[in-house]
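So you can see what is in the structure, the chains are spelled out below.
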Amino acid sequence: MNIAVIGAGALGCLFGGHLAVAGHDVWLLHRREQIANTLSAAGISIHRDDDPPLAAGINATATASDVGTADLVLVLVRAHQTPTALAEHAACIGPETLLLSLQNGLRNYDYLLDQVGRERAFCGVTYEAAITKEPGTIIHTSTGLTTFGGSSVGARTTIQETFAEAGFNVNTVTDPRPVIWEKGALVGATAPVLTLTGCPVTHLPTDPLDEVVTQLLTEADHVATSQGIDIDVETIQQTIASMTESHAEHRVSMVQDIEHGRRTEIDELNGVIIDLGKTADIAVPINKHVTALIHGVEQCS
Ligand SMILES: NC(=O)C1=CN([C@@H]2O[C@H](COP(=O)(O)OP(=O)(O)OC[C@H]3O[C@@H](n4cnc5c(N)ncnc54)[C@H](OP(=O)(O)O)[C@@H]3O)[C@@H](O)[C@H]2O)C=CC1
Ligand SMILES: CC(C)(CO)C(=O)C(=O)O
């Protein structure tokens, strides 16, 4: 397959690297031409535990037309960057190109549907986790399930098989919205708490953090219900509890964003919950507070 990955950060290098090693023609689309040239020349390296690093030769460019027409475009920029990135790299999206987002955020499926329509848009979530050490060198901090969905069964199966052959544990569903909301609620309840407190993932289920996490989840659940989407707060709490082991070494994306002085994805997570809560007349005071506090951290970090 000719695969373009928009966003050559932690997850872009993780998925792109493994897909390249599995034999696909992978292109990383980076914003800066100089770094793209370095990645093309040196390849990327994926570090996991004490294993020898996985080295992957890869094509990288800042110019989407270099890719030609991609069979699959994997979108892995931060959520708020999606519309701009899709417009900027439209040259590799042909009339049959499939688009897949595995980003965090509650609006990514809509962005992809706007770009290519229902038959070619696929969206989901991943519990794989990675941190960039330097451009092209990443630490794969945790492995985890990837779940995505979209209406075309044939294309879904092709993508699932492609990722499974590259070593990923992948599940598919028809309607991706429940899994997107489940993870969106999880990240919206945990990432701001970790970012504001500086606590590690292992502290999440302990008092007093668990109280705030539960309140954020409960508000997200009410808003999801108003959208006709069922999420289960207890299941999400169990996932959070399991992450204290599976993600003990991980620093969540929002913490990584603040560490690098970048804008966080808060508006694509808790911000969406606030907007939809307003429309549906559902009170979401704790989401409002943490969103305001994260905006404050963004301004002063
Ligand atoms: N890291 C993780 O463990 C996990 C991340 N996620 C989610 O996956 C998504 C990606 O995360 P992650 O890989 O960590 O993010 P990163 O910030 O590491 O990578 C995103 C990359 O996209 C680049 N980018 C931004 N705009 C463009 C553009 N227009 N064209 C090309 N490249 C662009 C960024 O460049 P620049 O830095 O210059 O902006 C950056 O290199 C996020 O939604 C995140 O929440 C989900 C699960 C786990
Ligand atoms: C759930 C988690 C921690 C990785 O799977 C994540 O999505 C993040 O780092 O933002």
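Residues numbered from 1 in each chain as written. Chains lettered and ligands numbered in written order. Predicted model: local features only at pLDDT ≥ 70, side-chain atom pairs only at ≥ 80, totals over all residues. Heavy atoms only, no water.

**Brief notes about the packing of aromatic side chains**
Within the structure shown, the criterion is met by four aromatic pairs. Centroid distance Phe 15 to Phe 163: 5.8 Å. Interplanar angle 50 degrees. Geometry classified as tilted. With Phe 15 in helix α1 (residues 10–21) and Phe 163 in helix α5 (residues 153–165), the pair connects residues that are 148 residues apart, well separated along the chain. Taken individually, Phe 15 and Phe 163 each receive the classification buried, so the pair is uniform in this respect. Ring centres of Phe 163 and Phe 168 lie 6.2 Å apart, and the angle between their planes is 50 degrees; this geometry places the pair in the tilted category. Phe 168 matches Phe 163 in its accessibility class, with the two residues each being buried. (Phe/Tyr/Trp six-rings, centres within 6.5 Å; stacked < 30°, edge-to-face > 60°. Helix = DSSP H or I, 4+ residues; strand = E, 2+ residues; numbered from the N terminus. Buried < 20%, exposed > 50% of the residue type's maximum accessible area, 1.4 Å probe, protein only.)

**Re α5**
In this model, α5 (13 residues) spans 18 Å end to end at C-alpha, consistent with the 18 Å of a helix rising 1.5 Å per residue. Burial in α5 covers these residues: Ala 155, Arg 156, Ile 159, Thr 162 and Phe 163. The buried residues of α5 occupy one face: seen down the axis, they fall within an arc of 130 degrees. Along α5, the residues that are exposed and aim more than 90 degrees away from the buried face are Val 153 and Glu 165. Downstream of α5 by one or two residues, Gly 167 has phi in the positive range, about 100 degrees. (Expected span 1.5 Å × (residues − 1). Arc of directions from axis to C-beta.)

**A short note on the sheet that holds strand β7 (residues 98–101)**
The strand order across the open sheet formed by eight strands is β5-β2-β1-β6-β7-β8-β11-β12, and the pairing between neighbours is mixed. Either end of the sheet is taken by a strand with one partner, and the two such strands are β5 (59–61) and β12 (170–173). Strand-to-strand, the axes of this sheet are offset by a mean angle of 25 degrees, without reference to chain direction. Two elements, strand β1 (residues 2–6) and strand β2 (residues 25–29), share five bridges in a ladder whose sense is parallel. Of the residues in β2, the one forming a bridge with Val 5 is Leu 28. Running at roughly 170 degrees to β12, α5 makes contact with β1, β6 (72–75), β7, β8 (121–126), β11 (146–149) and β12 of the sheet. Packed onto the sheet, helix α6 (residues 177–197) meets β8 and β11 and runs at close to 35 degrees relative to β8. (Pairing = 2+ DSSP bridges. Axes fitted to C-alpha atoms, helices over the stretch in contact; angles between N-to-C directions. Contact = heavy atoms within 4.5 Å.)

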